[in-house]
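Structural characterization, general
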Amino acid sequence: MQRSIQFWRLSGSGGSEMPGTFPAAEFVKVLREAEANDLDRHRVCRNGMTVIAHSAGISPHPMVLLDKVRRENYPSVGDRAGRRQPMRLQEGEGLLEPTYFSFLDNNVVAALVNGNGPHPQRLAEYIRLKFRTPVGLVPVLRRDLDAVLRRMRITEVEVAVPAERLDRELVGGDWVAALDGARSLSHDGVIRIGLSVGQKGDAFYKASFSEHVRTLVDQLRQATGFGDLTTARVAGSVRGDRQVVDLINDRFVERVDVDPDKFGDPERATNYARDVLTAVADRTKDYLEGTLPVAPASYIALGDFDEAIDNEQQRPT
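The structure presented is a predicted model; accordingly, all values stated were derived computationally and were not measured. (Residues numbered from 1 in each chain as written. Predicted model: local features only at pLDDT ≥ 70, side-chain atom pairs only at ≥ 80, totals over all residues. Heavy atoms only, no water.)

**Considering the overall build of the chain**
The criterion, for reference: Each helix is a run of H or I in the DSSP string that is no shorter than four residues. Each strand is a run of E no shorter than two, and both are numbered from the N terminus. Accessible areas in this description were obtained via Shrake-Rupley with a 1.4 Å probe; residue shielding takes into account the shown protein chains only.
When its secondary structure is counted, the chain shows six helices and 14 strands. Carbon and sulfur atoms make up 46% of the accessible area of the chain, which amounts to about 16500 Å² in all.

Following this line, the structure appears as structure tokens:
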């Protein structure tokens, strides 16, 4: 079977370039200590999903797991004849559906995803809340698209999303109000909105508009539900030449063949995921080094682990 390895880059708040290197080894060490001291590592996301993080070593790259904890709506167990039986779990037990993360050089994070585990953005949320450290995640784009976006004077942006997938968790900021306003016109289909600068207005206005749209694009790229968008295109000019960037199809993602049988046992699955992530990291190292700007060598400060911040639903929205 095939699984995806997504490449993300840790950023500062608001998608800005991180002012240093994220201390991934320290992060894994502190998480391991919290685990050893039996501190509460759960957190409840705004949409009700519960996640829990696990340390998974620092060699050859610091690695963590983020599990989605499932304690209701269990599937049934079926025998060879298809007879269905309830899934019997002990009191307090639940299903754990993981996403595996490997911290590479230059603030890059490789995520081995399976469609059932938490979205990679949940890792950034976890670090922000449980470690009080302001970080974000932005996807690594193929080729030189990050550089193109930085140079581009943006004049247009187009977004489309299935109506049934629209909620504040999917995409926040100014986008949620604009998309929600178009929901009534979608007839349960696809909501599509576009924004472009007109012919009127002086150079100052057009430059201001471009920067405003750039902020909207940054919000979009960091959205938890970015993968649910059906369209996310940005158009503009670079040195007078028109450029169009497809933020969905131009993300840097590797597809890998994996052995599904090796994901049955938790310890074996973690070791296998480490091997898969390490192999892909070695294969993509030159590309990543040639694509991304170099992060400052100094480490940013990592906050202490705080088990008290465990439920985003209790926090003001």
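**Brief notes about the nonpolar core**
So the rule is basically this: Think of a nonpolar core as a cluster: buried Ala, Val, Leu, Ile, Met, Phe, Trp, Tyr and Cys residues, connected wherever their side-chain atoms sit within 4.5 Å. Residue exposure (1.4 Å probe, protein chains only): buried if accessible area is under 20% of the type maximum, exposed if over 50%, otherwise partly exposed. The contact criterion used throughout is that any non-hydrogen atoms of two residues lie within 4.5 Å.
By size, the foremost hydrophobic cluster in this structure holds 31 residues, and its most contacted members are Phe 22, Phe 27, Phe 103 and Phe 131. Contributions of two or more residues to this core are made by strand 1 (2-11), helix 1 (24-36), strand 3 (50-55), strand 4 (63-70), strand 7 (95-103), strand 8 (108-113) and helix 2 (121-130). The element that contributes the greatest number of residues to this core is helix 1, accounting for six residues. When residues no more than four places from it in sequence are discounted, the contact partners of Phe 27 are Phe 22, Val 64, Phe 103, Leu 123, Ile 127, Phe 131 and Leu 302. The next biggest cluster of nonpolar side chains, apart from the first, holds 24 residues, and it includes Leu 112, Val 256, Val 258 and Tyr 272.

**Here we look at empty space enclosed by the protein**
Just so we agree on the cut-off: Space inside and on the surface of the protein is sampled on a 1 Å grid over the protein atoms alone, with a cavity defined as a set of points where a 1.4 Å probe fits but cannot get out and a pocket as an open set with protein on both sides within 12 Å along at least 5 of 7 lines; lining residues have an atom within 4 Å of a point. Grid points are joined across faces, edges and corners, and a volume is the space filled by probe spheres set on the points. Under the scheme applied, nonpolar residues are Ala, Val, Leu, Ile, Met, Phe, Trp, Tyr, Cys and Pro; charged residues are Asp, Glu, Lys and Arg; polar residues are all the others, including Gly.
This structure, assessed with the given rule, holds one cavity of 30 Å³ or more. Estimates place the volume of the largest cavity at around 40 Å³. Along the walls of the largest cavity sit Gln 6, Phe 7, Trp 8, Pro 139, Val 140, Arg 251, Phe 252 and Val 253, which together make up its complete lining. Among the elements that take part in the lining of the largest cavity, strand 1 stands out by supplying three residues, more than any other. Here the residues of the lining of the largest cavity are counted per class, giving six nonpolar, one polar and one charged.

**Quick look at the packing of aromatic side chains**
Selection rule: Ring pairs are drawn from Phe, Tyr and Trp, using the six-membered ring of Trp, whenever the two centres fall within 6.5 Å, and their geometry is named by plane angle: stacked under 30 degrees, edge-to-face over 60, tilted for the rest. Geometrically, a lysine NZ or arginine CZ counts as sitting over a ring once it is within 6 Å of the ring centre and also within 35 degrees of the ring normal.
One pass over the structure, following the stated rule, counts nine aromatic pairs. Within the aromatic cluster, the residues linked to one another by ring pairs are Phe 22, Phe 27, Phe 103, Phe 131 and Phe 305. Looking at Arg 3, its charged tip hangs above the ring of Phe 263, at a distance of 4.0 Å from the centre.

**Quick notes on unusual backbone geometry**
Peptide bonds are mostly trans, and most non-glycine residues show a negative phi. Cis geometry is found at the peptide bond from Ser 59 to Pro 60, where omega equals 0°. Within the secondary structure layout, Pro 60 lies in the loop between strand 3 and strand 4. In this structure, Asn 106 is a non-glycine residue whose phi angle is positive, near 65°. Tracing the backbone shows Asn 106 in the loop between strand 7 and strand 8. Although it is not a glycine, Arg 132 sits at a positive phi angle of roughly 50°.

**Notes on the pattern of salt bridges**
To keep things clear, this is the line we draw: A side-chain nitrogen of Lys or Arg and a carboxyl oxygen of Asp or Glu constitute a salt bridge if their distance falls within 4 Å.
Enumeration according to the criterion identifies 11 salt bridges in this entry. A salt bridge links Arg 70 to Glu 97; the shortest N-O distance between them is 3.7 Å. One end of the pair, Arg 70, is in strand 4; the other, Glu 97, is in strand 7, with 27 residues separating them in the sequence. Classification of Arg 70 as partly exposed rests on a relative accessible area of 26%. Its relative accessible area of 14% is what places Glu 97 among the buried residues. Sharing partners across several salt bridges, the network here consists of Arg 43, Arg 122 and Glu 125.

**Some words on the environment of Gly 117**
Positionally, Gly 117 belongs in the loop between strand 8 and helix 2. Given the relative accessible area of 18%, Gly 117 is considered buried. The sequence separation of Gly 117 and Val 69 amounts to 48 residues, and the corresponding C-alpha distance is 9.0 Å. When residues no more than four places from it in sequence are discounted, the contact partners of Gly 117 are Glu 97, Pro 98 and Thr 99.

**A short note on the sheet that holds strand 13 (residues 241-246)**
Note on sheets: strands pair through backbone hydrogen bonds, and any given pair is parallel or antiparallel. Here is the rule: When DSSP finds at least two bridges between two strands, those strands are taken to pair. Convention adopted: a line fitted to C-alpha atoms gives each axis, helices being fitted over their contacting stretch, and angles between N-to-C directions are expressed from 0 to 180 degrees.
The strand order across the open sheet formed by four strands is 11-10-12-13, and the pairing between neighbours is antiparallel. Every interior strand has two partners, whereas the edge strands, strand 11 (190-196) and strand 13, have only one. In this sheet, adjacent strand axes meet at a mean angle of 10° when their direction is disregarded. The pairing of strand 10 (residues 153-162) with strand 12 (residues 231-238) spans seven bridges and is antiparallel. In the sheet register, Glu 156 faces strand 12, and the bridge partner there is Ala 235.

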